[in-house]
Amino acid sequence: DTGVSQDPRHKITKRGQNVTFRCDPISEHNRLYWYRQTLGQGPEFLTYFQNEAQLEKSRLLSDRFSAERPKGSFSTLEIQRTEQGDSAMYLCASSSSGGEETQYFGPGTRLLVL
Amino acid sequence: AQKVTQAQTEISVVEKEDVTLDCVYETRDTTYYLFWYKQPPSGELVFLIRRNSFDEQNEISGRYSWNFQKSTSSFNFTITASQVVDSAVYFCAWSTPQGAQKLVFGQGTRLTINP
């Protein structure tokens, strides 16, 4: 199966700790997205990469959040000094450019900040 | 700003009934895409359909059908002869072909199919 994968699937951390999530997109996809979904809501866009370049960031992405895609393949999302309000599902999606732009999602990482 | 509204928060029906999930969108763009995704309890968003704004032809895929009407800015989803496995949260979403093509989601409709 060559779908989008995310690791870890679940993360419990204490307030103030740093966490890092990883996303591996579909191999031929050059676009990668991060979304955040809180309970009972639809996903909200956080940031977007085309290859290794981060081209757009939402105002939801505070200074404590940073995302990278160093070689244009996998991506990491780091949250520093976590707060209880960061508890959410973090979803990664990928797509290709030039034709089939549909975004395919990974299983998500569910974060709980205590 | 673009907005997607799914007014039905929860729907519960008995198996084999037909059910329609409503989606209304707001946009000033003339070219855009509309999507439906399914989110089962496992959490992964599963792509169901993408529609281009210039193609108002309705689509049928097995028990699923979609009705796109630009005049009412609606993109409704009907499941015929529902099954328990259809139970999930369904999201309608919008994007533009320009720039990041980020998805703007509705709040979702939780569909429960009872045996």
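Presented here is an overview of the structure given in this document. (Residues numbered from 1 in each chain as written. Chains lettered and ligands numbered in written order. Predicted model: local features only at pLDDT ≥ 70, side-chain atom pairs only at ≥ 80, totals over all residues. Heavy atoms only, no water.)

With that out of the way, let us pick up the overall build of chain B. When its secondary structure is counted, chain B shows zero helices and 12 strands. In sequence order, the secondary structure elements of chain B are arranged as β-β-β-β-β-β-β-β-β-β-β-β. Over its C-alpha atoms chain B spans a radius of gyration of 14 Å, differing by no more than 12% from the 13 Å that the globule rule assigns to 115 residues. Looking at chain B as a whole, 45% of its 115 residues qualify as buried. Looking at chain B alone, contacts between residues at least 24 apart form 55% of all its contacts between residues at least 6 apart. In the structure as shown, chain B presents an accessible area of about 5,700 Å², 47% of it carried by carbon and sulfur atoms. Put simply, chain B has 10 plus and 12 minus side-chain charges, and the middle of one group is 5 Å from the middle of the other. (Helix = DSSP H or I, 4+ residues; strand = E, 2+ residues; numbered from the N terminus. Rg over C-alpha atoms; globule rule 2.2 N^0.38 Å. Buried < 20%, exposed > 50% of the residue type's maximum accessible area, 1.4 Å probe, protein only. Contact = heavy atoms within 4.5 Å. Areas by Shrake-Rupley, 256 points an atom, 1.4 Å probe, with all protein chains shown as cover. Lys, Arg positive; Asp, Glu negative; His and termini not counted. Charge placed at Lys NZ, Arg CZ, Asp CG, Glu CD.)

Before going further, it helps to examine the packing of aromatic side chains. Going through the model one piece at a time under the given rule, you end up with 23 aromatic pairs over all chains. Through a chain of ring-to-ring contacts, three or more aromatic side chains come together here, namely A:Tyr33, A:Tyr35, A:Phe45, A:Tyr48, A:Tyr104, A:Phe105, B:Tyr33, B:Phe35, B:Tyr37, B:Phe47, B:Phe91 and B:Phe105. Across from the ring centre of B:Tyr33, 4.5 Å away, lies the NZ or CZ of B:Arg50, which sits over that ring. (Phe/Tyr/Trp six-rings, centres within 6.5 Å; stacked < 30°, edge-to-face > 60°. Lys NZ or Arg CZ within 6 Å of the ring centre and 35° of its normal.)

It is worth spelling out the side chain of B:Lys38 at this point. All names here are of chain B. On the secondary structure map, lysine 38 appears in strand β5 (residues 33-39). It turns out lysine 38 is buried and unbridged, and the closest side chain with the opposite charge, aspartate 86, is 4.7 Å from it. Separated by 3.2 Å, the side chain of lysine 38 and the backbone oxygen of valine 85 make a polar contact. (Salt bridge = Lys/Arg side-chain N within 4 Å of Asp/Glu carboxyl O. Polar contact = N/O pair within 3.5 Å; in protein donor to acceptor, adjacent residues only side chain to side chain.)

Turning next to the state of the cysteines. A full pass over the atoms with the stated rule returns two disulfides over all chains. Through a disulfide, A:Cys23 is tied to A:Cys92; the S-S separation comes to 1.8 Å. Handedness here is read from the sign of the S-S torsion; for A:Cys23 and A:Cys92, about -70 degrees, the answer is left-handed. Here A:Cys23 is found in strand β3 (residues 19-24), whereas its partner A:Cys92 is found in strand β9 (residues 88-95), with 69 residues between them in sequence. Across the pair, exposure class does not vary: A:Cys23 and A:Cys92 are buried alike. Disulfide pairing is shown between B:Cys23 and B:Cys92; the S-S distance is 1.9 Å. Measuring the twist about the S-S bond at about -65 degrees, one finds the B:Cys23-B:Cys92 disulfide to be left-handed. With B:Cys23 in the loop between β3 (19-21) and β4 (24-26) and B:Cys92 in strand β10 (residues 88-95), the pair connects residues that are 69 residues apart, well separated along the chain. (Disulfide = S-S within 2.5 Å.)

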